[in-house]
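# Architecture and fold: a report
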Amino acid sequence: MPFLSVIIPAYNEEARLNPTLEKITGYFSAQPYDTEIVVVDDGSTDHTVEIVGAWMEKSPVTVRLARNPRNLGKGMAVKNGMLASTGQYRLFSDADLSTPMEMFERFLPYLQQGGEVVIGTRKHPAAQITSRQPWLRRNMAKVFVLLANLILGLRLSDFTCGFKCFSAKAAEEIFSRSRVSGWAYDGEICFLAKRLGFEIIEVPVVWAHASGSRVKLRRDVFNSFSGLLQI
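We now examine the nonpolar core. Counting 37 residues, the largest nonpolar core has Leu4, Phe28, Ile37, Leu91, Met101, Phe104 and Phe107 as the members making the most contacts within it. When neighbours within four sequence positions are excluded, leucine 4 is seen to be in contact with Phe28, Tyr33, Asp34, Thr35, Glu36, Gly87, Tyr89, Arg90, Leu91 and Phe104. If you look at the next biggest cluster of nonpolar residues, it comprises 33 residues, including Tyr185, Ala193, Phe198 and Ile200.

Next comes the structure, spelled out in structure tokens:
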């Protein structure tokens, strides 16, 4: 069993997957623990799968490919990656590496002290935002946090930072129950963690807005709100 699994959901990520995997494998090859990288192809129609295949042959750390039969949504990609992983701890990160992989070092002390759900937050005073989102997206994110806390009965500062880590036990109990495939999946993960009795530890991270986001504000705001009601 590797110490850490890193799950990267990927849908048509051929443009940035090579530099992303170069950074991730370079970082973890220098660490004193075993790591596996699990890229989850979410029905890509570009060369995402071929790129991952090439890294499986040349990577200094283990790289694996999991595949959804079609485009099921980011929530399902994260879920399937978590359940396909074998690590003692399981971290998922966005393919754009908005949060640098080095931020896992901030998670380690909490995990070593028995923490089972550790998530990144951009809203803590100690967080560092090196490149901000556009004004509208920042404010829509604030509204989502407010609604998610209100509807789901939580008290979290940040739901949608794409840098979250789970113990194997927490990952299997939470993601075996998750159902939301759209942009509210972060809310469902946190809701399930609380319902199952896991403490959620928020840790401030470095974060930078990356261009090329596939978020469509009107569509995804509606889907996120309906997803919260579904949860």
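There's more to say after this.
Right, let's get into the side chain of glutamate 36. Structurally, glutamate 36 is set in strand β2 (residues 35-41). Exposure remark for glutamate 36: the relative accessible area of 4% places this residue in the buried category. There is a polar contact of 2.5 Å between the side chain of glutamate 36 and the side chain of serine 5. A polar atom in the side chain of glutamate 36 sits 2.9 Å from the side chain of arginine 64. Excluding residues that lie within four positions of it along the chain, glutamate 36 makes contacts with Pro2, Leu4, Ser5, Val6, Thr62, Arg64, Ser85, Thr86 and Gly87.

As a further point, take the packing of aromatic side chains. Here the structure, examined in full by the defined rule, presents 10 aromatic pairs. Their ring planes at 70° and their centres at 6.3 Å tell us that tyrosine 33 and phenylalanine 104 sit as a pair that is edge-to-face. A residue pair is termed long-range when its members are at least 10 positions apart, and tyrosine 33 in the loop between α1 (17-29) and β2 and phenylalanine 104 in helix α4 (residues 104-112) qualify at 71 residues. On the basis of an interplanar angle of 50° and a centroid distance of 6.2 Å, the ring pair of phenylalanine 92 and tyrosine 185 is categorised as tilted. Pair noted here: phenylalanine 92 is in strand β4 (residues 89-93) and tyrosine 185 is in helix α7 (residues 185-195), with a separation of 93 residues, a long-range link. One aromatic cluster is present, built from ring pairs that chain together Phe3, Tyr27, Phe28, Tyr33, Tyr89 and Phe104. Over the ring of tryptophan 207 we find arginine 122, and its NZ or CZ is 4.9 Å from the ring centre.

Quick look at the pattern of salt bridges now. All told, the structure shown has 7 salt bridges when counted by the stated rule. For glutamate 13, the salt bridge is made with arginine 16, and the minimal N-O distance between the two is 2.7 Å. We classify glutamate 13 as buried; its relative accessible area is 7%. Residues arginine 90 and glutamate 172 are paired through a salt bridge, measuring 3.0 Å at the closest nitrogen-oxygen approach. Linking arginine 90 in strand β4 with glutamate 172 in helix α6 (residues 168-175), this pair joins segments that are 82 residues apart in sequence. Since its relative accessible area comes to 2%, arginine 90 is described here as buried. Owing to a relative accessible area of 40%, glutamate 172 belongs among the partly exposed residues under this scheme.

A word on the pairing of β2. Most of β2 sits inside the fold, with 7 of its 7 residues counted as buried. Here β2 shows no split at all, with Thr35, Ile37, Val39 and Asp41 on one side and Glu36, Val38 and Val40 on the other all buried. In this sheet, β2 lies alongside strand β1 (residues 4-10) in parallel orientation, the contact comprising 7 bridges. Its bridge partner lying in β2, leucine 4 is registered against threonine 35.

What counts, and at which threshold
- Residues numbered from 1 in each chain as written.
- Predicted model: local features only at pLDDT ≥ 70, side-chain atom pairs only at ≥ 80, totals over all residues.
- Heavy atoms only, no water.
- Core = buried A, V, L, I, M, F, W, Y, C linked by side-chain atoms within 4.5 Å.
- Buried < 20%, exposed > 50% of the residue type's maximum accessible area, 1.4 Å probe, protein only.
- Contact = heavy atoms within 4.5 Å.
- Helix = DSSP H or I, 4+ residues; strand = E, 2+ residues; numbered from the N terminus.
- Polar contact = N/O pair within 3.5 Å; in protein donor to acceptor, adjacent residues only side chain to side chain.
- Phe/Tyr/Trp six-rings, centres within 6.5 Å; stacked < 30°, edge-to-face > 60°.
- Lys NZ or Arg CZ within 6 Å of the ring centre and 35° of its normal.
- Salt bridge = Lys/Arg side-chain N within 4 Å of Asp/Glu carboxyl O.
- Pairing = 2+ DSSP bridges.

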